[in-house]
Amino acid sequence: MRAELYPMEGGTPIVITKDLIVVGRKPECDLRLDHKSVSKMHCVIVKTDGLLLVRDLGSTNGTRVNGLRVRRAALLPNDQLSIASFKFRVPLGPDAPEPAPDPGLANEHTQQLDPKEVARLIGQARGRTDDAEARDSAELPVLNPFQRNQLPDVYPEEPGKDK
């Protein structure tokens, strides 16, 4: 996916080439916006699976999508992204063709494993050879269920305050 930020007031578009960029005033930021209205570490923009996501990092002057202050949001084609006083239009489009994969990295993929296979591998790592003993569910780590984030994605409107 090709992602760019077009400054609403004109200027050179900013091409998002990395999967995750940090936006802020600090020199270490991937996208440096040198203005006092921008926090040192203002927000992050993540490019994943054909989506562009933005997450505010607790900035003072906020991050807005189409005028609405957000903590996190998905950006759709032609959305307006405001980072403090900087306003951008976000056109999204198809990416250039992917380069040929490096043959040395051919085996570096995330793989889905069967739970029984995981149990067998854990048993092997602990020096056990008995498959029945390795499949014992007491040997598997207990996973905590997901918990819903109690903070809303969008800030409530403040009466009497301009956008």
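Scroll up a little and you will see the structure.
Residues numbered from 1 in each chain as written. Predicted model: local features only at pLDDT ≥ 70, side-chain atom pairs only at ≥ 80, totals over all residues. Heavy atoms only, no water.

(A) Up close: the overall build of the protein chain. If you tally the helices and strands in the protein chain, you get two helices and 12 strands. Burial status across the protein chain gives 26% buried among its 163 residues. Counting contacts in the protein chain only where the partners sit at least 6 residues apart, residues at least 24 apart contribute 37% of the total. Of the accessible surface of the protein chain, which amounts to about 11,800 Å², a share of 52% is contributed by carbon and sulfur atoms. (Helix = DSSP H or I, 4+ residues; strand = E, 2+ residues; numbered from the N terminus. Buried < 20%, exposed > 50% of the residue type's maximum accessible area, 1.4 Å probe, protein only. Contact = heavy atoms within 4.5 Å. Areas by Shrake-Rupley, 256 points an atom, 1.4 Å probe, with all protein chains shown as cover.)

(B) Summary view of the side chain of H42. Within the secondary structure layout, H42 lies in the loop between strand 4 (31–32) and strand 5 (43–48). The buried category is assigned to H42, whose relative accessible area is 0%. From its side chain, H42 meets the backbone oxygen of G62 in a polar contact 2.9 Å long. (Polar contact = N/O pair within 3.5 Å; in protein donor to acceptor, adjacent residues only side chain to side chain.)

(C) Expanded view of unusual backbone geometry. With a phi angle near 55°, N66 is a residue other than glycine that sits in the positive phi range. Mapping N66 onto the fold places it in the loop between strand 7 (63–65) and strand 8 (68–70). Judged by its relative accessible area of 47%, N66 falls in the partly exposed class. A positive phi angle is found at A84, which is not glycine, with a value near 55°. By the element assignment, A84 lies in the loop between strand 10 (79–83) and strand 11 (86–90). The class of A84 is buried, set by a relative accessible area of 19%.

(D) Seen up close, the environment of E157. Examined against the element boundaries, E157 turns out to sit in the segment after helix 2 (131–134). Owing to a relative accessible area of 51%, E157 belongs among the exposed residues under this scheme. Separated by 89 residues in the primary sequence, E157 and L68 have C-alpha atoms spaced 8.5 Å apart.

(E) Structural view of the packing of aromatic side chains. On inspection of all chains with the given rule, the structure shows zero aromatic pairs. The side chain of R89 reaches across the aromatic face of Y6, ending 5.1 Å from its centre. (Phe/Tyr/Trp six-rings, centres within 6.5 Å; stacked < 30°, edge-to-face > 60°. Lys NZ or Arg CZ within 6 Å of the ring centre and 35° of its normal.)

(F) The arrangement of the pairing of strand 5 in detail. As paired elements, strand 3 (residues 20–24) and strand 5 share four bridges and run antiparallel to each other. Opposite L20, over in strand 5, you have V46 as the bridge partner. Joining the antiparallel neighbours strand 5 and strand 6 (residues 51–56) is a turn of two residues, in which D49 adopts a positive phi near 45°. (Pairing = 2+ DSSP bridges.)

(G) Main features of the nonpolar core. L5, V23, I45, L52, V54 and L81 are the most contacted members of the largest nonpolar core, which has 22 residues in total. Elements supplying a minimum of two residues to this core: strand 1 (2–7), strand 3, strand 5, strand 6, strand 9 (72–75), strand 10 and strand 11. Apart from the residues lying within four places of it in its own chain, the contact partners of L81 are L5, I45, V54, T63, R64, V65, L75, F86, K87, F88 and V90. (Core = buried A, V, L, I, M, F, W, Y, C linked by side-chain atoms within 4.5 Å.)

(H) Just the sheet that holds strand 4, in detail. Sheet architecture is open: five strands sit in the order 4-3-5-6-9, paired in mixed fashion. Pairing within the sheet leaves two strands with one partner each, and these edge strands are strand 4 and strand 9. Across two bridges, the pairing between strand 3 and strand 4 is parallel. Paired with V23 across the bridge in strand 4 is L31.

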